[in-house]
Amino acid sequence: MTDPIAFSGSRLDRAAVERRDAAWLESHRKHPASRYLPMWKLDPLVKLGEKRSLAWARWELFDDVEISHEPILLGVDEGVAHFAVDVSQLQSPLDELGLEGVARFEELRAIGGEISGEEIAVVAHARSLADWHQRHRHCAVCGAISIVILGGIQRRCPDCSAEHFPRTDPVAIAPVVRGDRCLLGRGPGWPDTMYSALAGFVEPGETLEEAVRREVREESGVVIGAVRYLRSQPWPFPSSLMLGCVADAETEELEIDHTELADARWFSLEEIRLALAGEPAPLFIPPPFAIAHHLIQAWAEGRERGRRGP
Ligand SMILES: [Zn+2]
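Quantities reported herein were computed from a predicted structural model and do not represent experimental measurements.

**Student:** Just checking my understanding: could you explain the packing of helix 5 (residues 269–276) against helix 6 (residues 291–300) for this structure?
**Tutor:** If you want to describe how two helices pack, look at the angle between their axes and the distance between the axes. Between helix 5 and helix 6, the least distance of the axes is 10 Å, while the angle of their chain directions is 130°. The orientation of helix 5 with respect to helix 6, classified from their angle, is oblique. By crossing handedness, the relation of helix 5 to helix 6 is classed as left-handed. Contacts from Leu269, Ile272, Arg273 and Leu276 in helix 5 reach His293, Ile296, Gln297, Trp299 and Ala300 in helix 6. Within the contact of helix 5 with helix 6, the residues separate by chemical class into 6 nonpolar, 2 polar and 1 charged.

**Student:** What is the right way to look at the sheet that holds strand 8 (residues 163–164) in this model?
**Tutor:** Pairing between the strands of a sheet comes from backbone hydrogen bonds, and it takes one of two forms, parallel or antiparallel. In space, the 3 strands of this open sheet follow the order 6-7-8, with antiparallel pairing throughout. The open sheet has two free edges, formed respectively by strand 6 (147–149) and strand 8, since each of these has just one partner strand. Bridging between strand 7 (residues 154–156) and strand 8 involves 2 bridges; their strand directions are antiparallel. Opposite Arg156, over in strand 8, you have Glu163 as the bridge partner. Taken strand by strand, helix 3 (residues 117–135) contacts strand 6, strand 7 and strand 8, and its axis lies near 20° from that of strand 7.

**Student:** Would you mind showing me how to read unusual backbone geometry here?
**Tutor:** What you tend to see is this: most non-glycine residues have negative phi, and most peptide bonds are trans. In this structure, Pro238 follows Phe237 across a cis peptide bond, with omega equal to 0°. Within the secondary structure, Pro238 is located in the loop between strand 13 (224–235) and strand 14 (240–249). Within the chain, Leu150 stands out as a residue other than glycine whose phi angle is a positive 55°. With respect to the helices and strands, the residue Leu150 is situated in the loop between strand 6 and strand 7.

**Student:** What exactly am I supposed to notice about the pattern of salt bridges here?
**Tutor:** Throughout the structure, instances matching the rule amount to 21 salt bridges. Taking the shortest distance from any N to any O, the salt bridge between Arg104 and Glu106 comes out at 3.0 Å. On the basis of relative accessibility, which here comes to 40%, the residue Arg104 falls in the partly exposed class. Among the residues examined, Glu106 registers a relative accessible area of 10% and is labelled buried. One network of salt bridges, with partners in common, ties together Glu203, Glu206, Arg214, Glu215 and Glu218.

**Student:** Whenever I open this one, the packing of aromatic side chains confuses me. Can you help?
**Tutor:** Where two aromatic rings form a pair, the distance of their centres and the angle of their planes describe that pair. Using the criterion set out here, one finds 10 aromatic pairs in the structure. The interplanar angle of 85° and the centroid separation of 5.4 Å between the aromatic rings of Phe7 and Trp235 together place this pair among those described as edge-to-face. Of this pair, Phe7 sits in the segment before helix 1 (22–29) while Trp235 sits in strand 13; the two residues are 228 residues apart in sequence, bridging distant segments of the chain. When sorted by exposure, Phe7 lands in the same class as Trp235, which is buried.

**Student:** Just to check I follow, could you spell out the pairing of strand 1 (residues 35–40) for this structure?
**Tutor:** Regular strands place their side chains on alternate faces of the sheet. Relative to strand 4 (residues 80–86), strand 1 is paired through 5 bridges, and the arrangement is parallel. Each bridged residue has a counterpart across the sheet, and for Tyr36 the counterpart in strand 4 is Phe83. Sheet analysis places strand 1 next to strand 2 (residues 43–47), joined by 2 bridges and oriented antiparallel. Counted as the bridge partner of Trp40 is Asp43 from strand 2.

**Student:** Teacher, can you tell me more about the nonpolar core here?
**Tutor:** The tendency in soluble globular proteins is for nonpolar side chains to be buried side by side. Core analysis: the largest hydrophobic core is formed by 29 residues, its most contacted members being Phe7, Leu54, Leu74 and Ile173. At the level of secondary structure, the elements contributing two or more residues to this core comprise strand 1, strand 3 (72–77), helix 3, strand 9 (169–174) and helix 6. The element contributing the most residues to this core is helix 3, with 6 residues. If near-sequence neighbours (up to four positions away) are discounted, Leu54 is found in contact with Leu37, Pro44, Leu45, Val46, Lys47, Ile115, Glu119, Val122 and Val123.

Reading the values: rules and limits
Residues numbered from 1 in each chain as written. Predicted model: local features only at pLDDT ≥ 70, side-chain atom pairs only at ≥ 80, totals over all residues. Heavy atoms only, no water. Axes fitted to C-alpha atoms, helices over the stretch in contact; angles between N-to-C directions. Helix = DSSP H or I, 4+ residues; strand = E, 2+ residues; numbered from the N terminus. Parallel < 35°, antiparallel > 145°, perpendicular 65-115°, else oblique. Left-handed = near helix turned anticlockwise from the far one by under 90°. Contact = heavy atoms within 4.5 Å. Nonpolar A, V, L, I, M, F, W, Y, C, P; charged D, E, K, R; others polar. Pairing = 2+ DSSP bridges. Salt bridge = Lys/Arg side-chain N within 4 Å of Asp/Glu carboxyl O. Buried < 20%, exposed > 50% of the residue type's maximum accessible area, 1.4 Å probe, protein only. Phe/Tyr/Trp six-rings, centres within 6.5 Å; stacked < 30°, edge-to-face > 60°. Core = buried A, V, L, I, M, F, W, Y, C linked by side-chain atoms within 4.5 Å.

Geometric values such as these leave the question of function open.
Shown next, in the form of structure tokens:
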């Protein structure tokens, strides 16, 4: 499998010890060597030009604008602190920051093939945290406005002292297999021939394996036996953790829940192999930046136990 998978593999050390030291944080927030990644409405600043890369800035960039969100410490690389700065309150950020013609804010999905995997991972981290801060300004216990602590990986309520942690929502995702056939589904609004692994949020009080069995049963009517965990992927839209499995079907008859899926179909191993190879096939599957691609590929290549089981 491709390693690291998309949205993971950041070089930054998340600085768990340093971020607990208020003096360290304060000095690095103003340190001339520290680097700041402006984010506008969750989109990172990217340099213009042939070779695209993130447009890290010095703090002076923000001298003439008012920043209403505290910089988020993403981590440290070779002693240099790296922060994300949410500038969403600016109406015309490129103009106000003097960046017209130099850089622009770009949606993460649009720059996936243009900037390095390590930088994509940094943006994924920054995007999930910025989204969490935007949505969780108020204490969930008493409603007061909470404050950012530990460089942005927690918030604390000044009134009731409750501490709040960034959300990461677990999602179970699994191609469903039986012998040489694989069950995949198509979500509402997807292209006609695009099929992927079935997926759904893990609910409170269930294991990953139970979540896979429940989701597949609810969406397709198929009963699942063994569930094998393969790998995971952070999914920063806004902040999920995809938990990738392969699920063994015990039944084949489909009873599709059309509120969840536009369609679900059993495909042959040959059809899946053609789709993975980019050959003419009755389906196409998600590209390699999605964990579904790797899970389906692992099954098709026989790299996970059980494909040819009874
Ligand atoms: Zn509170």
